[in-house]
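Examining the three-dimensional arrangement
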Amino acid sequence: MINIIGLGYIGLPTALMFASHGVEVVGTDYNKELVATLNAGKTTFEEKGLDELFEEAVKCGIRFSSEYQKTDMYIVAVPTPYNKETKRIDPAYVIAAVKQVMTVCPKGATVVIESTVSPGTIDRYVRPVIEKNGFTIGEDINIVHAPERIIPGNMVYELLHNSRTIGADDKAIGEKVKELYASFCQGEIVVTDIRTAEMTKVVENTFRDINIAFANELVKICRSDNMDVYEIIRIANKHPRVNILSPGPGVGGHCISVDPWFLVGDYPTYSNLIKQARLINDSMPDFVLERIYNIMKEKGIKEVSKVGFYGLTYKENVDDVRESPTLQMLESMEKHLAHGVKVYDPFIKTDMVENQYHDLDAFLSDVELVVLLVAHDEIKENMDKLKGKVVLDTRNFCTLDGIYRL
Ligand code: SAJ
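Note that the structure is a prediction, hence the values are computed from the model and not measured.

Conventions and cut-offs
- Residues numbered from 1 in each chain as written.
- Predicted model: local features only at pLDDT ≥ 70, side-chain atom pairs only at ≥ 80, totals over all residues.
- Heavy atoms only, no water.
- Domains from an automatic or database assignment.
- Contact = heavy atoms within 4.5 Å.
- Buried area = accessible area lost by both parts, 1.4 Å probe.
- Salt bridge = Lys/Arg side-chain N within 4 Å of Asp/Glu carboxyl O.
- Polar contact = N/O pair within 3.5 Å; in protein donor to acceptor, adjacent residues only side chain to side chain.
- Axes fitted to C-alpha atoms, helices over the stretch in contact; angles between N-to-C directions.
- Helix = DSSP H or I, 4+ residues; strand = E, 2+ residues; numbered from the N terminus.
- Parallel < 35°, antiparallel > 145°, perpendicular 65-115°, else oblique.
- Left-handed = near helix turned anticlockwise from the far one by under 90°.
- Nonpolar A, V, L, I, M, F, W, Y, C, P; charged D, E, K, R; others polar.
- Buried < 20%, exposed > 50% of the residue type's maximum accessible area, 1.4 Å probe, protein only.

1. Focus on the domain arrangement of the protein chain
- Its domain assignment divides the protein chain into domain 1 (2-192) and domain 2 (204-405).
- Here the C-alpha centroids of domain 1 and domain 2 sit 33 Å apart.
- Contact residues are listed per partner, giving 19 residues for domain 1 and 19 residues for domain 2.
- Across the domain 1/domain 2 interface, buried area totals approximately 1,700 Å², and carbon plus sulfur atoms make up 50% of it.
- If you sort the residues of domain 1 by the area they bury against domain 2, Glu-46, Tyr-82 and Lys-87 come out on top, with a joint share of 33%.
- Taken together, domain 1 and domain 2 are joined by three salt bridges.
- Of the charged contacts in the structure, one is a salt bridge between Arg-88 and Asp-266, with a shortest N-O distance of 3.7 Å.
- The interface formed by domain 1 and domain 2 contains five residue pairs in polar contact (both at pLDDT 80 or more).

In structure tokens:
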């Protein structure tokens, strides 16, 4: 039996996947309300294919509890927040979960950390917790790092098909954990050591951050000299070895905008490019605000209350707002005492910000300038409703004529 600790964006789908492939699973979360919701037969966030997977897992006997279980295999998938000031990881949840595991696990158990951690975290924080509890690593307890790679919006597919990394001190334990993941994972599973697995995960997200930053820098260069960045990227990408990503209002989510800071924090001397990329991506919300200001001037729109932000989540078709560019823009506006902008997102059903709408038509009828910040399918399917509005499309998906782009 596997006890999966933490039933959030990663832990829940992973638990469901194991269970629906015949592995006995108990999912544990300290949030009793969340456990009650799952036990009542409901999932806790929106994700393509998640409800179907949940049903299957329930049929196969998955259980949810707020108690840690006595078993020989644990997978820890708790959040690893980062400290916004120091840019360092806060391993408190991982430490707390491992401590709890130590109170129930038998000798010989394996503890797999799935949570993303900065390179060195397992050595610095996890091993000491295990040793302090009187266990000898490698003899009494095995420790493994198996970072996930799935992308919100396509998690279920990617869980099945992505390649994975397993980091272990002992090759045989790595192989055992690999076999477990192979119960559902059809991608290649590479076994390596723990430091390499930690570093690889952070490197992957840093690679993407740097590439997005390049696209964002290009948009600024082209805007400053009146060139069409999208046409330039489209043509450049026809080169067989060029693949420029898409500029946008900034990089949100809990991974790409966070992980590169771990490298900057730990290796300040060597991480100039990584840091610069972070700063470029973090400057995009203000770049969009400046664009809005110029468009308002050009169009004679005087009131901020005539401006509407479409999209609050960090990207399309997910309900996750962590580090979202829209929230960063709202925060920045607040600092400048610019109040009154209207906001709407079909995925955010609760009231999260001021002047938030829950109906697309009502939102559109109250604004003159619509800033498209997230390319949700909803707006793609209702493009006609934007006719007659001034539109700033920050994601280059709107097909109407005469609109503004970044
Ligand atoms: N974005 C752009 N331009 C692009 C691509 C993305 O501006 O061309 C923006 C998005 O709008 C979003 C942010 O970047 O705000 C990040 O979105 P994303 O879809 O690229 O990635 P995440 O954060 O949802 O998921 C990433 C993935 N990592 C990589 O692609 C290297 C995923 O595979 C990881 O599992 C996940 O981080 C994680 O948990 O680490």
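2. Notes on the packing of helix 1 (residues 11-20) against helix 3 (residues 50-59)
- The interhelical angle for the contact between helix 1 and helix 3, taken along N-to-C directions, is 45°, at an axis separation of 8 Å. As far as their axial angle goes, helix 3 and helix 1 are oblique. Crossing of helix 1 against helix 3: the hand is left-handed. Counted together, Leu-12, Pro-13, Leu-16, Met-17, Ala-19 and Ser-20 of helix 1 and Leu-50, Leu-53, Phe-54, Glu-56 and Ala-57 of helix 3 form the full contact between these two elements.
- A breakdown of the residues in the contact of helix 1 with helix 3 according to their chemical character gives nine nonpolar, one polar and one charged.

3. Section: the environment of Lys-107
- Along the chain, Lys-107 falls in the loop between helix 4 (92-104) and strand 5 (109-113).
- On the accessibility criterion, Lys-107 (64% relative accessible area) is exposed.
- Spatially, the C-alpha atom of Lys-107 lies 8.1 Å from that of Asp-72, the residues being 35 residues apart in sequence.
- Here Lys-107 is in contact with Phe-135 and Asp-140, once residues within four sequence places are set aside.

4. A look at the pattern of salt bridges
- The tally for this structure, following the rule as stated, stands at 16 salt bridges.
- Here Arg-322 and Asp-320 are joined by a salt bridge, their closest N and O atoms 3.0 Å apart.
- A relative accessible area of 5% places Asp-320 in the buried class.
- Its salt-bridge partner being Asp-361, residue Lys-385 comes within 3.0 Å of it at the nearest N-O pair. Pair noted here: Lys-385 is in the loop between helix 14 (377-380) and strand 13 (390-393) and Asp-361 is in helix 13 (residues 360-365), with a separation of 24 residues, a long-range link.

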